[in-house]
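Inside the fold
Now for the letters of each chain:
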Amino acid sequence: MASLNVGNLGEYLREQRRSAQLSLRQLADAAGVSNPYLSQIERGLRKPSAEVLQQVAKALRISAETLYVRAGILDEREREELETRAVILADPSINERQKQVLLQIYDSFRKENGFDTDARNAAAADADADAGKPSPEEL
C-alpha cells in the first residue's frame, strides 16, 4: 500500500503517543478506534476523518485543531482563529454579551488587516441561531 500525503500526521501522532507513554493498543482503546487502523494512520497509510482525529486528540489530551492542520483538513490560520475564538468563549470572567462584543472587535481587526471573516461570521450566525443565541449583528 502506498503512503498517502497526510503531511507528518503519522509521525506526530506516534511522537505524541510516546510522550503520553501509551502503547498503540492503549491509544486505540482510549480513542475508540481499532489497533490496526491507528497503526495505519501512524504509518501514513490511511487518512483519518476529522471525527477520528477528534477522538484521538481527546485520548491524547491535545488540540484536535492541531491534528486537523497536520492532516490538511484545516489551514494554520483557521486553527489560530478558532483557538482565539475558543479562548474568548471559554473565559468565565466575562458575560455572553461581552464575549460577542469582543468577537465583533476581533473580526473588525481581522477584516481591517485583510482577513476575510464574512464566511466565518455567517457560519457563527447560523450556529447562534440554532442555539437560540443572538448573532453579533443583533447585539
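Let me begin by describing the structure that accompanies this report. Predicted, not measured: the structure shown is a model, and the values here were computed from it. (Residues numbered from 1 in each chain as written. Predicted model: local features only at pLDDT ≥ 70, side-chain atom pairs only at ≥ 80, totals over all residues. Heavy atoms only, no water.)

This part takes up a nonpolar patch on the surface. Together, Leu102, Ile105 and Phe109 line one region of the surface with nonpolar side chains, adding up to about 270 Å² of accessible area. Within the fold, Phe109 resides in helix H7 (residues 96-112). (Patch = residues over 30% accessible without salt bridge, like charges linked within 9 Å, V, L, I, M, F, W, Y side chains within 5 Å. Areas by Shrake-Rupley, 256 points an atom, 1.4 Å probe, with all protein chains shown as cover. Salt bridge = Lys/Arg side-chain N within 4 Å of Asp/Glu carboxyl O. Helix = DSSP H or I, 4+ residues; strand = E, 2+ residues; numbered from the N terminus.)

Bringing helix H2 (residues 24-31) into the picture now. For H2, every residue scored as buried is listed here: Leu24, Leu27, Ala28 and Ala31. Taken around the axis of H2, the buried residues stretch over an arc of 100°, which confines them to a single face. Away from its buried face, by an angle of more than 90 degrees, H2 presents the exposed residues Arg25, Asp29 and Ala30. The inward-facing, buried residues of H2 abut helix H1 (9-19), helix H3 (35-42) and helix H4 (50-60). Gly32 sits one or two residues past H2 and shows a positive phi near 75°. (Buried < 20%, exposed > 50% of the residue type's maximum accessible area, 1.4 Å probe, protein only. Arc of directions from axis to C-beta. Contact = heavy atoms within 4.5 Å.)

Take the packing of aromatic side chains next. Across all of its chains, the model carries zero aromatic pairs by this definition. The lysine or arginine in question, Arg70, covers the ring of Tyr12, its NZ or CZ lying 3.8 Å from the ring centre. (Phe/Tyr/Trp six-rings, centres within 6.5 Å; stacked < 30°, edge-to-face > 60°. Lys NZ or Arg CZ within 6 Å of the ring centre and 35° of its normal.)

For side chains of opposite charge, pairing can occur when their charged atoms come near one another. According to the stated counting rule, one finds six salt bridges in the structure shown. As a salt-bridge pair, Glu42 and Arg14 come within 3.4 Å of each other at their nearest N and O atoms. A residue pair is termed long-range when its members are at least 10 positions apart, and Glu42 in helix H3 and Arg14 in helix H1 qualify at 28 residues. For Glu42, a relative accessible area of 5% corresponds to the buried category. In this structure, the salt-bridge partner of Glu81 is Arg110, at a minimum N-O distance of 3.1 Å. Highlighted residues: Glu81 in helix H6 (residues 76-90) and Arg110 in helix H7, separated in sequence by 29 residues. Connected via shared salt-bridge partners are Glu81, Arg85, Asp107 and Arg110.

Let's shift gears to the packing of H2 against H3. Between H2 and H3, the shortest axis-to-axis distance is 9 Å and the interhelical angle comes to 110°. In terms of their interaxial angle, H2 and H3 are classed as roughly perpendicular. Here H2 and H3 pass one another in a crossing that is right-handed. On the side of H2, the interface is formed by Leu24, Arg25, Leu27 and Ala28, while H3 contributes Asn35, Leu38, Ser39 and Glu42. (Axes fitted to C-alpha atoms, helices over the stretch in contact; angles between N-to-C directions. Parallel < 35°, antiparallel > 145°, perpendicular 65-115°, else oblique. Left-handed = near helix turned anticlockwise from the far one by under 90°.)

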